[in-house]
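One-letter residues, chain by chain:
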Amino acid sequence: MKQAVMLFAEGFEEVEALMTADILMRGGVDLQLVSITEAIQVTGSHGITVSMDRTLAQISMEEQDAIILPGGMPGTRNLGASDRVTKALKQMNEAGKIVAAICAAPSVLGACGILEGKKATCYPGFEDQLTGAEFVDEMAVVDGNVVTSRGLGTSMEFGFALLQQLVSREKAEEIRLETIVPAGKLGAVVQAMLAAHPYEEPAYDVYAVERKGRREGIGRIGMLEGSMTLKECCRYVKERLAL
């Protein structure tokens, strides 16, 4: 079982943290919620207090496969101001382990030099703090061992991207289906297809959308009235959604 730690500072963004944690735990990752101070309870930017599993001083980073930073303010500033957090991030990165951050928190990775030569994303307005990175306007970006995401609204994609890296694509898609979340841009695609093709029977088909030369996502939806090849599917989506 893969092991990961999520670091919590006062003022963290609650949804970014707990949504990501939920997805990883559902997918079988041994995730620990870790306070960067000695406090065993940490309060988020919207007043929600969360109990921690451990403090950072109690964690052996050598045993971890990933380190994850939620965003939020002043949580991100508090993460960046901690020498212990900086040390842990650099240690994990140097070991080639997964280093992940969402919202404003990728700026902490930038300050540590972890984004040098990487593609990354972040919350709007923090692009200039992704030191050394090429900014990419995507919901979640994976480049080598670094995973970044944009904010609260992309928390699930962040979680799925991490789950895919830590466990497998298959497990990420399994949890996506269980939580009724079509993959990536496929959410709009599914809605468009269902509007044009009502359910016929309770079976399953798999559809994929190719865009910019790479697979955007895979999702399973009910058997449609009539069938489409991937080429026909792409043409339909392009015409319907102007992708």
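Right above here is the structure, for reference.
The structure presented is a predicted model; accordingly, all values stated were derived computationally and were not measured. (Residues numbered from 1 in each chain as written. Predicted model: local features only at pLDDT ≥ 70, side-chain atom pairs only at ≥ 80, totals over all residues. Heavy atoms only, no water.)

Engineer: Help me understand the packing of helix α5 (residues 155-166) against helix α6 (residues 169-178) in this model?
Structural biologist: The geometry of a pair of packed helices is captured by two quantities: the angle between their axes and the separation between those axes. As a packed pair, α5 and α6 sit with axes 7 Å apart at the nearest point and diverge in direction by 145°. In this structure, α5 meets α6 at a crossing whose hand is right-handed. Taken together, the residues of α6 that come into contact with α5 (itself represented by E157, F160, L163 and Q164) are R169, K171, A172, I175 and R176. Residue classes in the contact of α5 with α6 are distributed as 4 nonpolar, 1 polar and 4 charged. (Axes fitted to C-alpha atoms, helices over the stretch in contact; angles between N-to-C directions. Helix = DSSP H or I, 4+ residues; strand = E, 2+ residues; numbered from the N terminus. Left-handed = near helix turned anticlockwise from the far one by under 90°. Contact = heavy atoms within 4.5 Å. Nonpolar A, V, L, I, M, F, W, Y, C, P; charged D, E, K, R; others polar.)

Engineer: Explanation requested: the packing of aromatic side chains in the structure shown.
Structural biologist: Each aromatic ring pair is summarised here by two numbers: the centre-to-centre distance and the angle between the ring planes. By the definition in use, this model includes 1 aromatic pair. Here the aromatic rings of F8 and F12 are separated by 4.8 Å at their centres, their planes lie at 80°, and the arrangement is edge-to-face. A relative accessible area of 1% means that F12 is categorised as buried. (Phe/Tyr/Trp six-rings, centres within 6.5 Å; stacked < 30°, edge-to-face > 60°. Buried < 20%, exposed > 50% of the residue type's maximum accessible area, 1.4 Å probe, protein only.)

Engineer: Sorry if this is basic, but what is going on with helix α1 (residues 14-26) here?
Structural biologist: Because each turn of an α-helix spans 3.6 residues, side chains separated by three or four positions end up pointing in the same direction. For α1, with 13 residues, the first-to-last C-alpha span of 18 Å sits near the 18 Å given by 1.5 Å per residue. What α1 keeps buried is the set E14, E16, A17, T20, A21, I23 and L24. Considering only its buried residues, α1 is in contact with β1 (3-8), β2 (30-35), β6 (66-69), β7 (98-102), α5 and α6. A positive phi of about 95° marks G28, the residue just after α1. (Expected span 1.5 Å × (residues − 1).)

Engineer: Help me out: how do you make sense of the pattern of salt bridges in this one?
Structural biologist: In total, this model carries 7 salt bridges according to the counting rule given. Between R150 and D137 there is a salt bridge whose closest N-O contact spans 2.6 Å. Of this pair, R150 sits in the loop between β11 (146-149) and α5 while D137 sits in the loop between β9 (134-135) and β10 (140-143), and the two are 13 residues apart along the sequence. The exposure class of R150 is buried, given its relative accessible area of 17%. Among the salt bridges present, the one from E173 reaches R176, with a minimum N-O distance of 3.6 Å. Placement of both E173 and R176 in helix α6 is noted, with a separation of 3 residues, approximately one turn of the helix. By relative accessible area, E173 is classed as buried at 10%. Each member of the salt-bridge network shares a partner with another, and the members are E127, D137 and R150. (Salt bridge = Lys/Arg side-chain N within 4 Å of Asp/Glu carboxyl O.)

From the geometry alone we can't say anything about function, so treat these as descriptive.
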